[in-house]
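# Secondary and tertiary structure notes
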Amino acid sequence: MKSLSITGLILLAVSALLFYLTTDFTVGGITISHMMGVMAGVGIGLIIGGMVGYVSKGSALKAEEKRKEFKQLQKDKEDLEKQAAEIAQREAELQRQNQNPQI
C-alpha cells in the first residue's frame, strides 16, 4: 500500500516538473503535454487507490478480529453453561443422598 502511494507521488512530481519545464500546448499528435497528463492521472489514481486500499484492509482486519473474538466468547459461554449444568446435577444428587440416607 505504501509503495503505491510513493509511486503515485513520484509520478505526480515528475508530471509537475514536466509541466513547469514545458508550457507550450500543441495539439498536433502526442506531445509531452499529453504524457504529463497521463502521468499525473496515473499518479493521482495510485495515491487515491493506495489510501482506499489501506483503509479497507485495516477495516477488514478489524472485522475479522471481532468475528474471532465473538466465536471465542460463544465457546466460553457454552463451556460455562456445561459446567453450570454439571454443578447443578451434582448438587441435586447430593441433596437426594442427604434426604435418603442409607444406613
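Residues numbered from 1 in each chain as written. Predicted model: local features only at pLDDT ≥ 70, side-chain atom pairs only at ≥ 80, totals over all residues. Heavy atoms only, no water.

## A look at the overall build of the protein chain
Of regular secondary structure, the protein chain possesses 2 helices and 0 strands. Taking all 103 residues of the protein chain together, 10% fall into the buried category. For the protein chain, the accessible area works out to roughly 8,800 Å², and carbon and sulfur atoms hold 64% of it. (Helix = DSSP H or I, 4+ residues; strand = E, 2+ residues; numbered from the N terminus. Buried < 20%, exposed > 50% of the residue type's maximum accessible area, 1.4 Å probe, protein only. Areas by Shrake-Rupley, 256 points an atom, 1.4 Å probe, with all protein chains shown as cover.)

## Digging into the environment of Ala40
Looking at the element boundaries, Ala40 is found in helix 2 (residues 32-99). The class for Ala40 is buried, based on a relative accessible area of 18%. On a C-alpha basis, the gap between Ala40 and Leu12 in space is 5.0 Å, while along the polypeptide they are 28 residues apart. Among all residues touching Ala40, those that are not within four sequence positions of it are Leu12 and Ser15. (Contact = heavy atoms within 4.5 Å.)

## Details of the UniProt feature "coiled-coil region" (unreviewed entry) in the protein chain
UniProt tags residues 63-100 as "coiled-coil region" (unreviewed entry). Annotated as residues 63-100, this span is 97% helix and 0% strand, and its ends, taken at the C-alpha atoms, are 56 Å apart. (UniProt positions renumbered as here; feature names shortened; annotations may be inferred.)

## Comments concerning helix 2
In an α-helix, one turn spans 3.6 residues, which is why side chains three or four residues apart end up on the same side. Between its terminal C-alpha atoms helix 2 stretches 100 Å, which fits the 100 Å expected from 68 residues at 1.5 Å a residue. Turning to helix 2, its buried residues are Ser33, Met36, Ala40, Gly43, Ile47, Gly50 and Gly53. (Expected span 1.5 Å × (residues − 1).)

## Remarks on a negative patch on the surface
On the surface, Asp76, Glu78, Asp79 and Glu81 cluster together to form a negatively charged patch. Position of Asp79 among the secondary structure elements: in helix 2. Residue classification places Asp79 among the partly exposed positions, given a relative accessible area of 40%. (Patch = residues over 30% accessible without salt bridge, like charges linked within 9 Å, V, L, I, M, F, W, Y side chains within 5 Å. Salt bridge = Lys/Arg side-chain N within 4 Å of Asp/Glu carboxyl O. Lys, Arg positive; Asp, Glu negative; His and termini not counted. Charge placed at Lys NZ, Arg CZ, Asp CG, Glu CD.)

## Comments concerning the pattern of salt bridges
Any two side chains of opposite charge can pair, given that their charged atoms come close. Following the criterion strictly, the structure yields 1 salt bridge and no others. Here Arg67 ties to Glu64 by a salt bridge, and the two come within 2.8 Å at their closest N and O atoms. On the criterion of helical spacing, the pair formed by Arg67 and Glu64 is a turn pair, its members being 3 residues apart in helix 2.

## Some remarks on a nonpolar patch on the surface
Together, Ile6, Ile10 and Val14 make up a nonpolar patch on the protein surface, roughly 260 Å² of accessible area in all. Checked against the element boundaries, Val14 lands in helix 1 (residues 2-21). The exposure class assigned to Val14 is partly exposed, which follows from its relative accessible area of 33%.

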